[in-house]
Amino acid sequence: MANRFLVTAALPYSNGRLHVGHMAGAYIPADIYVRYLRAAGRDVKFICGSDDNGGAIEISAFKEGVTPAEIVSKYHTSQEASFRGLGISFDVYGGTHTLGYTTRHNQISQDFFKTIHDKGYFSKRTDKQLYDPEAKRFLADRYVTGKCHYPDCGYEKAYGDQCENCGRTIDPLLLGNPRSVLTGASVEVRETTHWYLKLAQFQEPLKEWLSKKTNWRPSVVNFSLGQIKEGLPERSMTRDLSWGIPVPLDDPDAAGKVLYVWFDAPIGYVSFTSTLLERSGGSPNDYERYWKDSDSKIVHFIGEDNIVFHALIWPAMLMAEGTFQLPDQVVANSFLNIKFPGAEEEKISKSRGTAIWIEDFLNEYDPDPLRYYLTAIAPETARTAYSPEDFLERNDSELVAALGNFVNRNISFTHKYFEGKVPAVGERDDVDRAMLAECQTQADKVAEEIEGYHFKNALGEMMKLARAGNLYLDQKKPWSQRKESMEACGTTINVCLQVIRTLAVIMEPFLPFAADKVATMLKLEPAARGWSNAAQELPAGLELAPAEMLFKKLREETAKK
RNA sequence: CCCGGCGUGGAGCAGAGGUUAGCUCGCCAGGCUCAUAACCUGGAGGUCGUAGGUUCGAAUCCUACCGCCGGAACCA
């Protein structure tokens, strides 16, 4: 395993709040991975920030009658608060148009663009596009509506990218009576010049690179190779917008144009790394240790909608630029659907009000149960559904009953019968030794699953140890042993406390808040929480802090019983 | 139409050629009392979408079909 890691989580677009789907897709798995790497003693930087440029923000601002900067600032703050509330442990949370980050970001993005330009990987072309004379701007296909141009459909409210009635792809220039979604004005056809990345030139290198990625999720590799097979079209890397990074070319045709938001967004990973390292006392170029040194591994966590950008376009950009290394891994989760009681499973939709917002969630619940649930149902290979009922159910029957209770019953027992001190080890039998051996085994399995990006399995292995602990306890019955031999009873409790000590380490990537509570009860120093110390034994005689509940019951009917 | 994914006990998922198909939850019965009515044991429940085929042997490979969900690259 490499020693240096640069881990990124997709930059959220700063024109909306974050919901459970965002978290399940990229941020929670990324955070688990990073927390594990830190505990394993690796040099890791966890990079994220808001994606602040682009047409959608300009349009949100236009609609709300505020400036793009106001939209960005509002949602950047909201999103960052959601991440903090859930314990997502970024080393830096920047923003492509956020104070303290913009200057560096714009400079690196423009350098990047110029390098690719000078190397001849862009083709400059003039094409026809639809223009809204009232808003005085070119319109993305999505913002044009008119009559579907398929004769057998003719739906009047088709959009410029797709007809909602017949489902087919629309050529916006063929729409009947095209109007602007923004202003309702009839749109004009105007010519405009843009710079297109010659993706076709990277098809072979991309194919070769992707073919070697045997440890990637099949969905990512298959989808990407499929796209290559169909041929990668040239793709415009500039836009007619005002909200973005100016195209850095000394060319009259470039005047008033900005970089395509998907060109500069992934560069945000680089520019935020640079800012982070400079702030921690280094030079702005220190980012190269993570981005250009082959001793470092780059791992991107994204949602399924980002695959095309992270597995094809971004690597092509990196190849074109020439001095960066390519991502070692792109981890993509599918989308999370939602299943409300009595309703069909459906997509998370802002407009239909089916999103569960993180800010709202955190007003009602603790973060760990959501981290647990979203990992347990993680859409790693297929779409899965968030169900509010299932969330409560799993919290009560798994987190509380299996894990929380195991910790609580042992700590309580220790306080009740051993004055709160770790009992002395008497004679250990095979069952005791097997239980202790399992601590190391499970720590290893969790590590292996996390390193393989199987977070759902990793969580399962962690829970297995808690379940094994409960089983062991019931076999030993210290509450009976106590009446025969305090030494035997103490030996049992000692073993259980060792299990809890291991749990404190291996639950941390998933349940950092609860792990802190356990560490406090066991008086574990930060150094003792490293992965390599996971199965190191607590000394007999150590005085524990008072027992504290790790998780609360959430269903009223179970809580009351 | 084409391309991709999926279809495994009541629910949610594992398993991708080889012992009696696993796991979590739920359900039923029993045990225990340290513990947040938590924990432990046992049980019921599956012809692994359908039909063919390959193989000594198939949820697992191949073909066809049916059903569901996506097609994403000016929605970031």
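Residues numbered from 1 in each chain as written. Chains lettered and ligands numbered in written order. Predicted model: local features only at pLDDT ≥ 70, side-chain atom pairs only at ≥ 80, totals over all residues. Heavy atoms only, no water.

**Details of the overall build of chain A**
Part 1: Across its full length, chain A carries 18 helices and 17 strands.
Part 2: Overall size of chain A, expressed as C-alpha extent along the three principal axes, is 90 × 55 × 40 Å.
Part 3: Relative to its 561 residues, chain A shows a buried fraction of 55%.
Part 4: A fraction of 74% describes how many contacts in chain A between residues 6 or more apart in sequence connect residues 24 or more apart.
Part 5: Per element, the accessible surface of chain A, about 23,800 Å² overall, is 48% carbon and sulfur.
Part 6: Averaging the coordinates of the 65 positive side-chain charges in chain A and doing the same for the 76 negative ones gives two points 2 Å apart. (Helix = DSSP H or I, 4+ residues; strand = E, 2+ residues; numbered from the N terminus. Buried < 20%, exposed > 50% of the residue type's maximum accessible area, 1.4 Å probe, protein only. Contact = heavy atoms within 4.5 Å. Areas by Shrake-Rupley, 256 points an atom, 1.4 Å probe, with all protein chains shown as cover. Lys, Arg positive; Asp, Glu negative; His and termini not counted. Charge placed at Lys NZ, Arg CZ, Asp CG, Glu CD.)

**Regarding the domain arrangement of chain A**
A common way to report how large an interface is uses the accessible area buried once the components associate.
Part 1: Partitioning chain A into structural domains gives domain 1 (4–110 + 261–362) and domain 2 (387–560).
Part 2: If you average the C-alpha positions of domain 1 and of domain 2, the two centres end up 34 Å apart.
Part 3: Contacts between the two partners involve 20 residues from domain 1, matched on the other side by 17 residues from domain 2.
Part 4: A combined buried area of about 1,500 Å² lies between domain 1 and domain 2, and 72% of that area is made up of carbon and sulfur atoms.
Part 5: Looking at the side of domain 1 facing domain 2, the largest losses of area belong to Ile32, Arg35 and Tyr36, adding up to 40% of the total buried there.
Part 6: In this structure, Glu508 and Arg35 form a salt bridge, with 2.8 Å as the shortest nitrogen-oxygen distance.
Part 7: Linking domain 1 to domain 2 there are four residue pairs in polar contact (both at pLDDT 80 or more).
Part 8: Elements supplying a minimum of two residues to the side of domain 1 that touches domain 2: helix H1 (20–39), strand E13 (296–303) and strand E14 (329–333).
Part 9: By residue number, the principal contributor to the side of domain 1 that touches domain 2 is H1, which donates six residues.
Part 10: A class-by-class count of the residues in the side of domain 1 that touches domain 2 yields 14 nonpolar, three polar and three charged. (Domains from an automatic or database assignment. Buried area = accessible area lost by both parts, 1.4 Å probe. Salt bridge = Lys/Arg side-chain N within 4 Å of Asp/Glu carboxyl O. Polar contact = N/O pair within 3.5 Å; in protein donor to acceptor, adjacent residues only side chain to side chain. Nonpolar A, V, L, I, M, F, W, Y, C, P; charged D, E, K, R; others polar.)

**Quick notes on the sheet that holds strand E9 (residues 188–197)**
Part 1: The antiparallel open sheet is built from four strands, whose spatial order is E5-E4-E9-E10. Each edge of the open sheet carries a strand with a single partner, namely strand E5 (137–138) and strand E10 (235–236).
Part 2: Strand direction decides the pairing type here: strand E4 (residues 122–132) and E9, joined by 10 bridges, are antiparallel. Paired with Leu130 across the bridge in E9 is Val189. (Pairing = 2+ DSSP bridges.)

**A closer look at the protein's contact with RNA strand B**
Part 1: Taken together, the neighbourhood of RNA strand B is formed by 51 residues, with Ala56, Phe223, Arg235, Trp262 and Arg409 sitting nearest.
Part 2: What you see for RNA strand B is that sugar and phosphate hold 61% of its atoms within 4 Å of the protein.
Part 3: Within the side chain of Arg239, a nitrogen or oxygen atom sits 3.3 Å from a base oxygen of RNA strand B.
Part 4: Separating a phosphate oxygen of RNA strand B from a side-chain N or O atom of Lys416 is a distance of 3.0 Å. (Near = heavy atom within 4 Å.)

**Description of the packing of aromatic side chains**
Part 1: Tallied over the entire structure, the rule returns 32 aromatic pairs.
Part 2: With a centroid separation of 6.3 Å and an interplanar angle of 20°, the aromatic rings of Tyr287 and Phe324 are classed as stacked. Placement of Tyr287 in the loop between helix H7 (261–279) and helix H8 (288–291) and of Phe324 in the loop between helix H9 (307–321) and E14 is noted, with a sequence separation of 37 residues between them.
Part 3: What makes Tyr287 buried here is its relative accessible area of 9%.
Part 4: Judged by centre distance (5.4 Å) and plane angle (70°), the ring pair of Phe361 and Phe391 falls under edge-to-face. Of this pair, Phe361 sits in helix H10 (residues 358–364) while Phe391 sits in helix H12 (residues 388–417); the two residues are 30 residues apart in sequence, bridging distant segments of the chain. The same class applies to Phe361 and to Phe391, which are both buried. (Phe/Tyr/Trp six-rings, centres within 6.5 Å; stacked < 30°, edge-to-face > 60°.)

**Notes on the environment of Thr103**
Part 1: Tracing the chain through its elements places Thr103 in helix H4 (residues 102–118).
Part 2: For Thr103, a relative accessible area of 68% gives the class exposed.

**Looking at the nonpolar core**
Part 1: Ranked by size, the top nonpolar core spans 160 residues in total, and within it Phe263, Tyr386, Met462 and Met507 carry the most contacts.
Part 2: Sort the elements by how many residues they give to this core and H1 lands first, with 13 residues.
Part 3: Not counting residues within four places of it along the chain, the set of residues in contact with Met507 comprises Leu403, Met462, Pro512, Ala514, Ala515, Val518, Leu550 and Phe551.
Part 4: Counting residues in hydrophobic clusters, the runner-up holds 11 residues, among them Ile59, Leu139, Ala158 and Ile170. (Core = buried A, V, L, I, M, F, W, Y, C linked by side-chain atoms within 4.5 Å.)

**Some points on the pattern of salt bridges**
Part 1: Considering all chains together, one arrives at 33 salt bridges under this definition.
Part 2: A salt bridge links Arg371 to Asp31; its shortest N-O distance comes to 2.7 Å. Highlighted residues: Arg371 in helix H11 (residues 367–376) and Asp31 in helix H1, separated in sequence by 340 residues. With respect to class, Arg371 is no different from Asp31; both count as buried.

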